[in-house]
Amino acid sequence: MNKRKWNVVTALTSIMIIAALLAACGNSGSGQSSGSEGGSTSLSLLVDNSQDSVNVANALKEAYEAKHPNITIEVETRPGGSEGDNLVKTRLATGDMTDVLFYNSGSLMTALSPEANLEDLTNEAFQANVLDDFKNTVKMNGKVYGAPIGSTIGGGWFYNKKIYADLGLSVPKTWDELIANSKKIKEAGITPVIGTMKDSWTAQVIILADEYNVVQTAPDFPKQFTAHQATFAGTPAALRSFDKLQSIFDGGFYNTDFLAATYDNGIKMLGEGKGAQYPMLSFALPILKQNYPDQMDNIGYFAQPGDSADKNGLTVWMPSAAYVYKNGNHVDEAKKFVDFIVSADGIAAMAKVSTPTGPYPLKDAKLPDNVPGAVKDMLPYFDSGKTAPALEFVSPIKGPSLPQISVEVGAGIKKATEGAAAYDQDVEKQAKQLGLEGW
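Residues numbered from 1 in each chain as written. Predicted model: local features only at pLDDT ≥ 70, side-chain atom pairs only at ≥ 80, totals over all residues. Heavy atoms only, no water.

Re helix H16 (residues 344-353)
In an α-helix, one turn spans 3.6 residues, which is why side chains three or four residues apart end up on the same side.
Part 1 of the argument: Those residues of H16 lying buried are Gly 346, Ile 347, Ala 349 and Met 350. For H16, the angular spread of buried residues about the axis comes to 160°, placing them on one side. The exposed set on the far side of H16, more than 90 degrees from its buried face, consists of Ala 344 and Lys 352.
Part 2 of the argument: As for H16, its buried residues are in contact with helix H2 (51-67) and helix H15 (331-341). (Buried < 20%, exposed > 50% of the residue type's maximum accessible area, 1.4 Å probe, protein only. Helix = DSSP H or I, 4+ residues; strand = E, 2+ residues; numbered from the N terminus. Arc of directions from axis to C-beta. Contact = heavy atoms within 4.5 Å.)

Details of the pairing of strand S1 (residues 41-48)
Sheet faces and side chains relate simply in a regular strand, where the side chains alternate between the two faces.
Part 1 of the argument: The element S1 is largely enclosed, with a buried count of 7 among its 8 residues.
Part 2 of the argument: Pairing of S1 with strand S2 (residues 71-78) involves 8 bridges; the strand directions are parallel. Bridge pairing links Leu 46 to Glu 76 in S2.
Part 3 of the argument: Crossover connection from S1 via H2 to parallel S2: handedness right-handed. (Pairing = 2+ DSSP bridges. Right-handed = clockwise from strand over helix to strand, strands pointing away.)

Points about helix H13 (residues 263-271)
Part 1 of the argument: Listing the buried residues of H13 in full gives Tyr 263, Gly 266, Ile 267, Met 269, Leu 270 and Gly 271.
Part 2 of the argument: Buried-residue contacts for H13 involve strand S7 (153-160), strand S8 (191-193), strand S9 (275-281), helix H14 (285-291) and strand S10 (299-303).
Part 3 of the argument: Immediately downstream of H13, the backbone of Gly 273 shows phi near 75°, a positive value.

What about unusual backbone geometry?
Part 1 of the argument: The phi dihedral of Ser 113 is positive, around 50°, even though this residue is not glycine.
Part 2 of the argument: Inspection of the secondary structure puts Ser 113 in the loop between helix H4 (107-110) and helix H5 (114-117).
Part 3 of the argument: The exposure class assigned to Ser 113 is partly exposed, which follows from its relative accessible area of 42%.

Examining the packing of aromatic side chains
Part 1 of the argument: Counting across every chain of the model gives 16 aromatic pairs.
Part 2 of the argument: Measuring from centroid to centroid gives 5.2 Å for Tyr 64 and Phe 337, while their planes differ by 70°, and the two rings are edge-to-face. Residue Tyr 64 is found in helix H2, and its partner Phe 337 is found in helix H15; the two are separated by 273 residues along the sequence.
Part 3 of the argument: Centre to centre, the rings of Trp 201 and Tyr 263 are 5.2 Å apart; their planes meet at 50°, and the pair counts as tilted. Here Trp 201 is found in the loop between S8 and helix H9 (205-208), whereas its partner Tyr 263 is found in helix H13, with 62 residues between them in sequence.
Part 4 of the argument: Given a relative accessible area of 32%, Trp 201 falls into the partly exposed group.
Part 5 of the argument: In this structure an aromatic cluster arises from ring pairing among Trp 157, Tyr 159, Tyr 164, Trp 175 and Phe 302. (Phe/Tyr/Trp six-rings, centres within 6.5 Å; stacked < 30°, edge-to-face > 60°.)

Here's the deal with the packing of helix H12 (residues 236-250) against helix H18 (residues 402-410)
Part 1 of the argument: Running from N to C, H12 and H18 cross one another at 45°; their axes reach a closest spacing of 8 Å. Taken as axis vectors, H12 and H18 run oblique relative to one another. Contact with H12, carried on its side by Phe 242, Leu 245, Gln 246 and Phe 249, involves Leu 402, Ile 405, Ser 406, Val 409 and Gly 410 of H18 and no other residues of that element.
Part 2 of the argument: Looking at the contact of H12 with H18 residue by residue, the classes come out as 6 nonpolar, 3 polar and no charged. (Axes fitted to C-alpha atoms, helices over the stretch in contact; angles between N-to-C directions. Parallel < 35°, antiparallel > 145°, perpendicular 65-115°, else oblique. Nonpolar A, V, L, I, M, F, W, Y, C, P; charged D, E, K, R; others polar.)

This is the structure in structure tokens:
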């Protein structure tokens, strides 16, 4: 072999050795691209960056790894809100998703193109323990794609029990009673209703939490709304939700800085007893318990009242769901982790770090004895069957501008009728993007 041929062979051999070394290094990585070596598997999990979500993810990770020493779970975080929604969609579109992701159930799930991106979990054994009310929120075209993470969430009002007792007030079962209570609280020199519209999403709670009342009068509204056969502005029961928001402003019941106050400010006002009532989802309970543990006995919860005491019930948000990425490297192992999440051991692990915000959507899961009184206040609604899912769990349509529209109505910038009409326009673009019939 001449010298030139020898140099070529040597060069090719060197390239092959380098390539082999690089491949070996690639196989030892972590996260989604990792493989199984020596019987061990690394699963990746994506969750939002709220402290409660991170606490839950880490508790599940530690409990699962303790039971399965051959599994390592790498937790990644993402932003919340619309920024996080867009990031999840981008990662799915580019094939860069984790093995398991925690994400909303309901309408936001349908926007993830689940048939293309998420593993079908319909026939997994653990689904026998999941309530149908939840399964319906993670279902598309008859297939179930998720499993619940934790407890349900109430949509209603926190209230200060001590203020109520001092003023001789009773929990309102009608909207007129709530307004009457608010007037007495205002006369006593206390802020009747905590407003935190700097965080615009909080402004929409009064509208969204009214869904139970809407369907008592217009039971087909969710179906007709989805089919573009009914609107908020054209349905008296739905328009009433915007009327209620306007009436709080008209009564002068908010704190004077309600447009500048944030959600964190609202939690502080409630915890310190500086505001008597706060329309808010019960998911605020973990942070309340963390920051004001000595005040939890003073904080109660009631359903948003309608116009009939005989039809008093609670609007319910289903918890987020665990989904398995369809094109992940460890689909079977990911399914086993999701199975653990809805097991008794998984529920126990979550309950150690996160206060339940309502009953679990599981047939055999019981609430711990030490849940806050606000959660116990919700149980009679569930026990008597007087609950209804929020609209976003029974309709794929939720317009992106509802928070801003709610601020405008809540601040007196728009009347209720104008706000309802604006929201009807807001949902059209999304409905058309989803390809819904009638739009």
